[in-house]
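# Working through the structure, step by step
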Amino acid sequence: MRLDEVKIGGMGASRRRVEDNRFIRGKGNYVDDIVLPGMLHMEILRSPLAHARIKSIDTSAAWDMPGVRLVLTGEMMAARNLAWMPTLSYDTAAVLATDKVRFQGQEVCAVIADDPYIAKDACGKIIVEYEVLPPIVNPVQAAAPDAIQIRDDKAGQVGNKVFDWEIGDKARTDKAFADADVVSKIELHYPRTHPSPMETCGSLADYDRATGKLTVYMTSQAPHIVRAAVAMVAELPEQNIRIVTPDIGGGFGNKVPIYPGYVIAILASILTEKPVKWIEDKTGNLTSTGFGRDVYLKGEMAMRKDGKILGVRMNTISDHGAFFADAQPSKFKIGLMHSAFAAYDIPTAHMFATGYYTNKAPGGVAYRCSFRVTEAMFFQERMVQAAADDLGMDQAEFRRINFVKDEQHPHRTAFGFLTDSGQYEKCLDIGLEAIGYKNFAAEKAEAAKRGRLLGIGISTMTEPLGAGNSREYDILGIKMFDSAELRIHMSGKALLRTGSRGQGTGHETTWAQIVAHELGIPADDILVEEGDTDTAPFGMGTYASRSTPVAGAAIAMVARKVRAKARKLAAHLLEVSEEDIEWELGRFYVRGNQERGVTIQECAMAAYSNMPDGMEPGLENVAYYDPPNLTWPFACYIAKVEIDPETGVWDVLQFVAVDDCGVRINPMIVEGQIMGGLTEAYAMANMQYQTYDEEGNIIGGNYMDFLLPTAWETPGFELYEVVTPCPHHPIGAKGVGECATVGGPAAFVNAVMDALKDKGVRNIDMPLMPNRVYEALTTGKDVYGMPPVRSGN
Ligand code: CDP
């Protein structure tokens, strides 16, 4: 009898998440759950000032406190060549400040003590004398000719500019604008926000002088990269470094960079010869670890009267904080910002990007996105809506006529990417039908009678997921690929290890499903392990929704290698030649005689007990996968909102999401990913931001100011599915983890702006809090940037 793939938990099965067995019982194993004998605790003293020269540091009172074992300063780190460390963007970042502090919350000293409370109290005893310097809190201030230089530590650095970067065809784009009937313009700020995972960052470093072995348990989305970095920076032999990432309580990009706390804890363990644990508090996480976004976007679109887009210009200014530490492993200076407009057939485009240092926390991490694609897609969809309005065209129709058509794939975008598959119009049609687009005018008129303003916002986008390929993507020179290792035990049960690291995303469930699909071994018989560099094959980690596109592909490939050997075993068992063997899920049989066959489990047993002469025993293999291209999922998000003009409060009446992420491994997990992403998108559009006052004090550094949406505020989401298999992925899957965070915000903002279309308002920058909507309504003017220190136009 043929195996039923869904029943064995293969591809397409909405298999329950196996990791939830421990999570819902409170049996998760997070870094702070790990306790080692003799363990010490570390606390970090952070700068209260945004920009100041350090005149002196007096740590004597801290040393005198009972229970204090070590107090570390920048000078002590410098003596070991560890005061500065390299960032993932080829810049340097301070570990503990030596010369100046460059943002509020920067690490200045560390205390290691018998318990965390003593360490915290001892931090309070350290006296740091500062000479206050003028802070710079946005790129306009940073670019001023007389601006104080933030990075005076860098030889050759002039002013505060991090980079200028240009891409596209300027001359051709200028010509497109000269030939245009209509030119539409828009100017936006994507505010700084924070991934704010439930678990903060932390580590437990354990150096054993007797064996020379350093084990670090830590919250890292990329443990192998950390091992490589520790080997390079600390000059420890790589075989003696073991990085273990246990359960992660949410990453969202926040746990990709290497933070000072990790480095200090390692040195502290080497110096004290004891395990040293550092667990960041919530404020430390919100104020000093990788923020997301903070980009000023200006653009123009050239069009013919009939709505055809002729060209696009983009100008971006990004605020990188004090150190250029973006987790951005590509040769493209500003992430993948030039992935904008990939869904549209646009003949030419040009982008000019500039980045600046400011006295803010470093980061620009890919908060649930592929580097800067969130800003790119937000700009794209706000621009598209503004352009449709300027043309007086229906916003859905404008998108439809400019979409890349299905049969145009593979399609080279104006900025040079190659999109390979998609059914954009189909997704849009499903979305419009579900939201009741045809009846919207009547609905809007009816609401107007009640004094309410209704709007519909559409966001359609294809985004690049799955960094590598190795030609264009690398981290500190290490090429981007991923890996899987599969070991079939003699009973036919299996152990699968990969170079990726789940962080609540269900890898332990879905990776087994891929093996079940390829080999017919029930998913419940497969144990998935990730996150231990001593056992997992080398991988580049999990971010940018790269796990399914890259590690997922490696899993399919390793299973196929195992199947190829199992075929030889089957031929031996069935006493026929390999060419006469056919495969069906979970079983080989003799061509022409389907009854005569052996299961994959019987082949596994033979690999240990009855292999042919000369065959190497065992049934296992490893695969490294370098993807030929990124994967390009498509999404159509549509929000219908109602505004109360007397308060500026807006409610989401309906939200429709149509996602095409290729073949879905586990539909239930995919839906969970989309709902989670949309919730974050709603937060960004509606309530969440970080800003700084004139003195560089962070606003949004605690959960009273930085809001997280609860189930109470979050609207319901209606989900729809379209499947266009990825042509180059072995199982046709595309990434999905970040689609909704990337594409979602524009749907909400476009909906509010659609409702305000007749009020003379063209843009309100996120978050669209009621007071900002009310301000726009009552003044008839755009609301730009974030107070108290607005910058830009
Ligand atoms: O890299 P990350 O795990 O964050 O993102 P992803 O590769 O998009 O996968 C997120 C989760 O959705 C994983 O558990 C995937 O296996 C699952 N997924 C799926 O079931 N089908 C897809 N086509 C894509 C992802």
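Scoring rules and cut-offs
Residues numbered from 1 in each chain as written. Predicted model: local features only at pLDDT ≥ 70, side-chain atom pairs only at ≥ 80, totals over all residues. Heavy atoms only, no water. Helix = DSSP H or I, 4+ residues; strand = E, 2+ residues; numbered from the N terminus. Rg over C-alpha atoms; globule rule 2.2 N^0.38 Å. Buried < 20%, exposed > 50% of the residue type's maximum accessible area, 1.4 Å probe, protein only. Contact = heavy atoms within 4.5 Å. Expected span 1.5 Å × (residues − 1). Core = buried A, V, L, I, M, F, W, Y, C linked by side-chain atoms within 4.5 Å. Patch = residues over 30% accessible without salt bridge, like charges linked within 9 Å, V, L, I, M, F, W, Y side chains within 5 Å. Areas by Shrake-Rupley, 256 points an atom, 1.4 Å probe, with all protein chains shown as cover. Salt bridge = Lys/Arg side-chain N within 4 Å of Asp/Glu carboxyl O. Pairing = 2+ DSSP bridges. Near = heavy atom within 4 Å. Polar contact = N/O pair within 3.5 Å; in protein donor to acceptor, adjacent residues only side chain to side chain. Phe/Tyr/Trp six-rings, centres within 6.5 Å; stacked < 30°, edge-to-face > 60°. Lys NZ or Arg CZ within 6 Å of the ring centre and 35° of its normal. Disulfide = S-S within 2.5 Å.

### Quick notes on the overall build of the protein chain
Helices and strands together make up the secondary structure of the protein chain, namely 19 helices and 34 strands. Computed over the C-alpha atoms, the radius of gyration of the protein chain is 27 Å, within 12% of the 28 Å expected from 2.2 N^0.38 for a compact globule of 793 residues. Counting over 793 residues, the protein chain shows a buried share of 63%. Looking at the protein chain alone, contacts between residues at least 24 apart form 78% of all its contacts between residues at least 6 apart.

### A few points about helix α18 (residues 739-755)
The terminal C-alpha atoms of α18 lie 25 Å apart, and with 17 residues this matches the ideal 24 Å at 1.5 Å per residue to within 8%. Counting buried positions along α18 yields 17 of 17 residues, so the element is predominantly enclosed.

### Observations regarding the environment of phenylalanine 748
Tracing the backbone shows phenylalanine 748 in helix α18. Judged by its relative accessible area of 0%, phenylalanine 748 is buried. Each C-alpha atom, one on phenylalanine 748 and one on valine 652, is 8.2 Å from the other, the two residues being 96 residues apart in sequence. Aside from chain neighbours lying at most four places away, what touches phenylalanine 748 is Ala639, Trp650, Val652, Phe655, Leu678, Ala681, Tyr682, Ala685, Pro715 and Phe717.

### Quick notes on the nonpolar core
Residues Met301, Phe341, Trp650, Phe655, Phe748 and Leu756 are the most contacted members of the largest nonpolar core, which totals 132 residues. The next biggest cluster of nonpolar side chains, apart from the first, holds 47 residues, and it includes Ala494, Ile514, Ala523 and Ile555.

### Brief notes about a nonpolar patch on the surface
Together, Met490, Met605 and Tyr608 make up a nonpolar patch on the protein surface, roughly 260 Å² of accessible area in all. Relative to the helices and strands, tyrosine 608 is located in helix α16 (residues 600-609). Classification of tyrosine 608 as partly exposed rests on a relative accessible area of 32%.

### Thoughts on the sheet that holds strand β6 (residues 100-101)
One open sheet accounts for three strands, arranged β6-β2-β8; its pairing is antiparallel. With partners counted over all chains shown, the strands left at the sheet margins are β6 and β8 (127-132), one partner each. As judged from the two bridges shared by strand β2 (residues 52-58) and β6, these two strands associate in the antiparallel manner. Paired with alanine 52 across the bridge in β6 is valine 101.

### Topic: the environment of leucine 428
Here leucine 428 is to be found in helix α12 (residues 424-435). Not counting residues within four places of it along the chain, the set of residues in contact with leucine 428 comprises Ala396, Arg400, Phe403, Ile458, Thr460 and Cys636.

### Side note on the site of the ligand
Within the structure, the ligand sits among 24 residues, and Thr505, His507, Ser547, Thr548 and Val736 are positioned closest to it. Between the ligand and the protein, one listed contact pairs an oxygen atom with a backbone N or O atom of valine 736 at 2.7 Å. When isolated, the ligand has an accessible area of 520 Å², and the protein chains bury 97% of it. Elements with a minimum of two residues in the shell around the ligand: α14 (507-519), α15 (547-574) and α17 (667-686).

### Focus: the pattern of salt bridges
When charged atoms on two side chains of opposite charge get close, those side chains can pair. Scanning the entire structure with this criterion turns up 64 salt bridges. For aspartate 174, the salt bridge is made with arginine 313, and the minimal N-O distance between the two is 3.0 Å. Pair noted here: aspartate 174 is in helix α6 (residues 170-178) and arginine 313 is in strand β16 (residues 309-319), with a separation of 139 residues, a long-range link. Taking relative accessible area as the criterion, aspartate 174 reaches 29% and is therefore assigned partly exposed. Arginine 313 sits in the partly exposed class, given a relative accessible area of 24%. Each of Arg53, Asp91, Asp99, Lys100, Arg102, Arg151, Asp152, Asp153 and Lys154 takes part in one network of salt bridges that share partners.

### Observations regarding the packing of aromatic side chains
By convention here, two paired aromatic rings are described through the distance between centres and the angle between planes. Following the criterion strictly, the structure yields 27 aromatic pairs and no others. With a centroid separation of 4.4 Å and an interplanar angle of 15°, the aromatic rings of tyrosine 424 and phenylalanine 634 are classed as stacked. Note that tyrosine 424 is positioned in helix α12 and phenylalanine 634 in strand β30 (residues 634-644), a separation of 210 residues in sequence. Tyrosine 424 gets classed as buried once you look at its relative accessible area, which sits at 0%. Each residue in the set Phe341, Tyr344, Phe379, Phe403, Tyr424 and Phe634 is aromatic and connected to the rest through ring pairs, giving one cluster. Taking the ring centre of phenylalanine 291 as reference, the NZ or CZ of arginine 192 above it sits at 3.3 Å. One Lys or Arg, arginine 313, reaches over the ring of phenylalanine 177 and ends 4.0 Å from the middle of that ring.

### Topic: the state of the cysteines
Counted according to the given criterion, the structure contains zero disulfides. Note on cysteine 427: no disulfide assigned, nearest cysteine sulfur contributed by cysteine 636 at a separation of 6.9 Å.

### Structural notes on the pairing of strand β7 (residues 107-113)
Most of β7 is tucked away, with seven of its seven residues classed as buried. In this structure, strand β1 (residues 40-46) lies alongside β7, joined through six bridges in antiparallel fashion. Bridging across to β7, leucine 45 finds its partner in cysteine 109. Pairing geometry for strand β3 (residues 68-73) and β7, over five bridges, is antiparallel. Residue pairing for β7: leucine 72 is matched across the bridge by alanine 110.

### Here we look at unusual backbone geometry
Residues histidine 409 and proline 410 are joined by a peptide bond in cis, for which omega reads -5°. Along the polypeptide, proline 410 turns up in the loop between α11 (395-402) and β18 (411-412). A positive phi is found at phenylalanine 252, a non-glycine position, where the angle reads about 55°. Its place among the elements puts phenylalanine 252 in the loop between β13 (241-244) and α8 (260-272). The exposure class assigned to phenylalanine 252 is partly exposed, which follows from its relative accessible area of 26%. Residue arginine 293 is not a glycine yet carries a positive backbone phi of 65°. Relative to the elements of secondary structure, arginine 293 occurs in the loop between α9 (282-288) and β15 (295-303).

Everything listed here is a matter of geometry and, on its own, says nothing about what the molecule does.
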